[in-house]
Structure formats: C-alpha cells, structure tokens
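What follows is each chain in one-letter form.
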Amino acid sequence: MYNPKSLKAEEFISHDEIMDTLSFADEKKDDLDFVDSIIAKARLRKGLTHREASVLLACEDESRINEIYKLAEQIKKDFYGNRIVMFAPLYLSNYCVNGCLYCPYHLKNKHIARKKLTQEEIVKEVTALQDMGHKRLAIEAGEDPINNPIEYILECINTIYSIKHKNGAIRRVNVNIAATTVENYRKLKDAGIGTYILFQETYHKQSYERLHPTGPKHNYAYHTEAMDRAMEGGIDDVGLGVLFGLELYRYEFAGLLMHAEHLEAVHGVGPHTISVPRVKRADDIDPDEFDNGISDDIFAKICACIRVAVPYTGMIISTRESKAVREKVIRLGVSQISGASKTSVGGYCEPEPEEENSAQFDVSDNRTLDEVVRWLMEMGYIPSFCTACYREGRTGDRFMSLCKSGQIQNCCHPNALITLKEYLTDYASDKTREIGERLISDELQNIPNEKARMVCSDYIEKIEHGARDFRF
Ligand code: SF4
Ligand code: SF4
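Residues numbered from 1 in each chain as written. Chains lettered and ligands numbered in written order. Predicted model: local features only at pLDDT ≥ 70, side-chain atom pairs only at ≥ 80, totals over all residues.

Asker: Explain the overall build of the chain to me, using residue names and the numbers behind them.
Answerer: Helix and strand counts for the chain stand at 20 helices and nine strands. Since a compact globule built from 472 residues should have a radius of gyration of about 23 Å, the 21 Å found for the chain is in line with a globular shape. Taken along its principal axes, the extent of the C-alpha atoms in the chain is 60 × 55 × 40 Å. Each of the 472 residues in the chain was classed as buried or not, and the buried ones make up 51%. (Helix = DSSP H or I, 4+ residues; strand = E, 2+ residues; numbered from the N terminus. Rg over C-alpha atoms; globule rule 2.2 N^0.38 Å. Buried ≥ 20, exposed ≤ 12 C-beta atoms within 10 Å, placed from the backbone.)

Asker: Let's hear about the packing of helix 2 (residues 15-28) against helix 4 (residues 50-58): which residues, and what values?
Answerer: Between helix 2 and helix 4, the least distance of the axes is 8 Å, while the angle of their chain directions is 50°. By the angle class used here, helix 2 and helix 4 are oblique. The hand of the helix 2/helix 4 crossing is right-handed. Every residue of helix 4 that contacts helix 2 at Thr-21, Leu-22, Phe-24, Ala-25, Asp-26 and Lys-28 is listed here: His-50, Arg-51, Ser-54, Val-55 and Ala-58. (Axes fitted to C-alpha atoms, helices over the stretch in contact; angles between N-to-C directions. Parallel < 35°, antiparallel > 145°, perpendicular 65-115°, else oblique. Left-handed = near helix turned anticlockwise from the far one by under 90°. Contact = placed C-beta atoms within 7 Å.)

Asker: Can you lay out unusual backbone geometry for me, pointing to particular residues and giving the numbers?
Answerer: The backbone phi angle of Glu-201 is positive, close to 70°, even though this residue is not glycine. Checked against the element boundaries, Glu-201 lands in the loop between strand 4 (196-197) and helix 9 (205-211). Note on Glu-201: 23 C-beta atoms within 10 Å, which makes it buried.

Asker: Give a description of the site of ligand 2 that names residues and reports values.
Answerer: Around ligand 2, the structure places Val-85, Ser-384, Cys-386, Thr-387, Ala-388, Cys-389, Ile-408, Cys-411, Cys-412 and Asn-415. Among the residues making up the shell around ligand 2, the classes are represented as seven nonpolar, three polar and no charged. Summarising the domain contributions, the shell around ligand 2 has at least three residues from each of domain 2 (77-390) and domain 3 (407-464). (Near = placed C-beta within 6 Å. Nonpolar A, V, L, I, M, F, W, Y, C, P; charged D, E, K, R; others polar. Domains from an automatic or database assignment.)

Asker: Mind laying out the pairing of strand 7 (residues 314-317), listing which residues take part and the relevant values?
Answerer: Residues Gly-314 and Ile-316 point to one face of strand 7 and Met-315 and Ile-317 to the other, with burial holding for every one of them. The sheet contact formed by strand 6 (residues 273-275) and strand 7 spans three bridges and is parallel. The residue of strand 7 that forms the bridge with Ser-275 is Ile-316. Handedness of the crossover joining strand 6 and strand 7 through helix 13 (residues 296-309) is recorded here as right-handed. Across two bridges, strand 7 lies against strand 8 (residues 336-338) in parallel orientation. Among the inter-strand pairings, Ile-316 is bridged to a residue of strand 8, identified as Gln-336. In this fold, the crossover linking strand 7 to strand 8 by way of helix 14 (residues 323-332) has right-handed handedness. (Pairing = 2+ DSSP bridges. Right-handed = clockwise from strand over helix to strand, strands pointing away.)

Asker: I'd like to hear about the site of ligand 1, residue by residue, with values.
Answerer: Residues in close proximity to ligand 1 include Cys-96, Asn-98, Cys-100, Cys-103, Tyr-105, His-106, Gly-142, Glu-143, Ala-178 and Lys-217, which together make up its full environment. Counted by class, the shell around ligand 1 contains five nonpolar, three polar and two charged residues.

Asker: Describe the domain arrangement of the chain, listing the residues and the values that go with them.
Answerer: Split by domain assignment, the chain resolves into domain 1 (17-74), domain 2 (77-390) and domain 3 (407-464). With centres defined by C-alpha atoms, the gap from domain 1 to domain 2 works out at 28 Å. Listed per partner, the contact involves 21 residues of domain 1 and 22 residues of domain 2.

Asker: I'd like to hear about the packing of helix 15 (residues 369-378) against helix 19 (residues 430-444), residue by residue, with values.
Answerer: Two elements in contact, helix 15 and helix 19, have axes separated by 10 Å at closest approach and are oriented at 35°. Here helix 15 runs over helix 19; the crossing is left-handed. Here Asp-370, Val-373, Arg-374, Met-377 and Glu-378 of helix 15 lie close against helix 19, whose contacting residues are Lys-431, Thr-432, Ile-435, Gly-436 and Leu-439. Partitioned by chemical class, the residues of the contact of helix 15 with helix 19 number four nonpolar, two polar and four charged.

Asker: Pulling in residues and values, what's your account of helix 13?
Answerer: In this model helix 13 runs 20 Å from its N-terminal to its C-terminal C-alpha over 14 residues, within 8% of the 20 Å that 1.5 Å per residue would give. The buried count for helix 13 comes to 11 of 14 residues, which makes it a mostly enclosed element. All of the buried residues in helix 13 are Phe-299, Ala-300, Lys-301, Ile-302, Cys-303, Ala-304, Cys-305, Ile-306, Arg-307, Val-308 and Ala-309. (Expected span 1.5 Å × (residues − 1).)

Asker: Tell me what's going on with the pairing of strand 1 (residues 83-93), and back it up with residues and numbers.
Answerer: Burial within strand 1 is extensive, with 10 of its 11 residues counted as buried. With three bridges connecting them, strand 1 and strand 9 (residues 382-384) associate as parallel partners. Following the sheet pairing, Arg-83 is matched in strand 9 by Ile-382. Both strand 1 and strand 8 contribute to a ladder of three bridges, which runs parallel. For Met-86, the partnering residue across the bridge sits in strand 8 and is Ile-337. Direction of pairing for strand 1 relative to strand 2 (residues 136-141): parallel, over a ladder of five bridges.

Take a look at the structure:
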C-alpha cells in the first residue's frame, strides 16, 4: 500500500507505514548502537529516511539527544552559515468558507472582524512594510471563492511587486493560500511567486477530517495532493508544514518526512522549506482544548531532528514563538524567521483598533524589525534580506543541487552582507547600524574566494553611495 511514488495521498502518506514507523522507532530507540549508526549516517549530511529520523526523535538517551543537537547545529552552520533570512506575513483577507476547528477565521465565527484589503490598502500596507526594511513577504488569505478568488490574489501580487517607495521594494512574494487547481497554480507561477506554502495541518486522515468538518478543505486527498498539482503547474519551490498540537507529534513528524520523500521521488526535488508552527491562542481558539500540545523541549528536539533529516531544506519559524524559543531553535537549524509581524488583515500601516480584532493568532514576539535585526546580530547571526535565487532563476532542482553540494553558500553569504548593508543604510537605528557595520566588515573576511570578496566589498561601497539591488 505504501508507495512514495504514488500520486494518491493515502499511498504516499500511508497510515499503516506511519504506524509501522512508530512501532519500529519504539523498538529501536533504546538500541544505542543502532541509534549511533543513524547519527553516523546523518553526519554524512545526505539526510535520513523517515524511519531513521523517527528513531532519533523517539530516542530518550540524554547523551544521544545532545549529540543530535550538536550535529543539528553543525549541519546548520555547514549549510546556512550564521545567516537568518527575514520575512513578514501579509494577511490579505480573512474571509473563509472552511470550518477548521483551530483557526478563528472558520466560517461559523460570527464575531471576528472580517476584512479584505483593497488594492489601495495593499499599497499602504506594503509601503509600511518597505519602510520597515522588508523585502520578502508571505501573503496569506482564507479560502473563499467569492471574496478571495484567484483573480484577487493575482491582482494583489501584481500590486505588491509594483510598489516602489523610496529605496524599498518587495522582491519575493511567497504565497500561502488554500489548495487549488493546476490551472490556478500555473497562474501563480506566471505572476512570479517565490514559494507556494501550504500547511498540511495534520497528516492523520481521521483527525484531519474531524478538524476540518466543513468546507472544501475537508477533502484530505485534495489537500494532501496539492503540492503535486503545484509542481505540475510549474511551481518548483513548495513549502510544507504541520500545525503541531493537533495530533501526536511523532505521527506528524513521520508524515512530514514521508511527504518530503514523496516530492523527491516523484518530482526529483524535495520541499524548499518546512514550517513548524504550534497551535496558538486566538479569538475563539483555546490551545488547551487540543490534547497534543508539545513542550518547548520536544519542539526543539523536532527542529533538530528535521535539520539532520533534511539538511538542505530551509526551516521557518514565525512570531507565534517567543523570543526565548526562537533563540533556542535558530541555533538548532531554523534558517528563516519573520519579524515585526502582524497577523491581522492590515495593521502594518495603522494598528488595528482593539474592537476590530481580525488576527489569526496571538503573536508571542512583538519586537520591531530593528530590534529583531539587532538581537540576531548580537547573537552573532547575519540577518539577511536576500531574495536572489528566485530572481536569478535558481529554483527547484537547480536550487537543490546547488544546496546539496554546498555551493549555494558562495551566493548566500555575500548576498546576506549586501542586503544587510541596504537595510542598515535605509532603515536601521543608529545603534543597530553601528553593530551591523562592524559585523559586515568582519564577515567580509569570511568570503573565501578573493574575487567574490572584492566584488562584494565593491557592491557594499556602491550601496553607501546610493546604488541598490546587487546580487550574486
Ligand atoms: S486555517 Fe485557513 S482554511 Fe482554515 S479557517 Fe483558517 S484561514 Fe480558513
Ligand atoms: S542566495 Fe538564495 S538560498 Fe541564499 S539566501 Fe539568497 S535566496 Fe536564499
């Protein structure tokens, strides 16, 4: 029944295979020689199967867990250096016809403020985001064929790319909208989107159907097979994710990796990113009503195990998580974070009045982008506003082969310095700028190739004198 190459959801995410994987993991988790052999395989940085990674996740031996953490840190350094890519979400509309039990945008919620941004409002919101320094957005919208048809989403993307305020520009729009048709994915591709992101929420079919009692999202197969349709429509960078807390985390973890293996087996390219959100408090949502909430320690272990299992896949964490949790998991493998996010429809340009709450969830990290950027630099990270790959046509398998060989580093590092320089010059506070300038001059020395180092220095100097938008 289990077949990673199948295009049928229940065959590439086979429930029986997940249950067998969990039994296998339980059986093997105390066999420390076996655990060591998996860790040794992970050291090769070629990834692990869902079965192997599930054994690591189940292992409770403290010294092995520490080894997994150390390896995750090392792999993170090897593949991503000390860079963290920054982005912000932009909620376009919270009209939704679905009945998801964990999201306040569900159709039956009659007291949440329903909003949909007009193109004029988008101009204002995006201008505010540009004025903070953002270059990369993830747009979000509920599923509603009347209020948020694909034409509306395409118009919004077009508007976002067209706005140029002072030196600002949004250079990459990632899209997080409901599962749709191949034809619509093709339209999104033609509109120039970066990654198409769709969270599975849960891979457990029965729980999925219970948690999505009404609306088109109820259809487990249609939702689970969405990435295949996206790829058929020409989108070759797709982002997976589950909402931890809905089902048993070990089940979700195995499902997530099986989904990644499926994409690799069928399309020759695994997921571009994996997101790891946890259920959070929101308008009429109480996270305590879900039985499968996970502790911060388990959350960190999941992040470390994902890092060693799929070393070349970016990992995203949002402002759902607190500063303390973000600090911990950034070290263990997260490569992209959001900063200064608003999870309401609008709210960047002007804060939303309290009586008009339209937020999807409560944000745990409320700092400004300047504060987040400074915090990252004080911890030794380089905040990066890079969007170069998609603009250079480095997507899909082309991107993955550069990633797997480690060659992408030759682009990521100088691009991080160039885009950080832009940020510091145009948007940073004096204190942040001072720390950042020192960091850039130190990190320039870490570009191994002399020619690349010289070109990067030259770009940085040109930015100082008003030029913008260089890239490797
Ligand atoms: S999770 Fe998405 S589909 Fe479900 S109610 Fe919220 S916005 Fe709608
Ligand atoms: S060079 Fe490519 S992979 Fe590296 S940070 Fe920029 S966009 Fe991402």
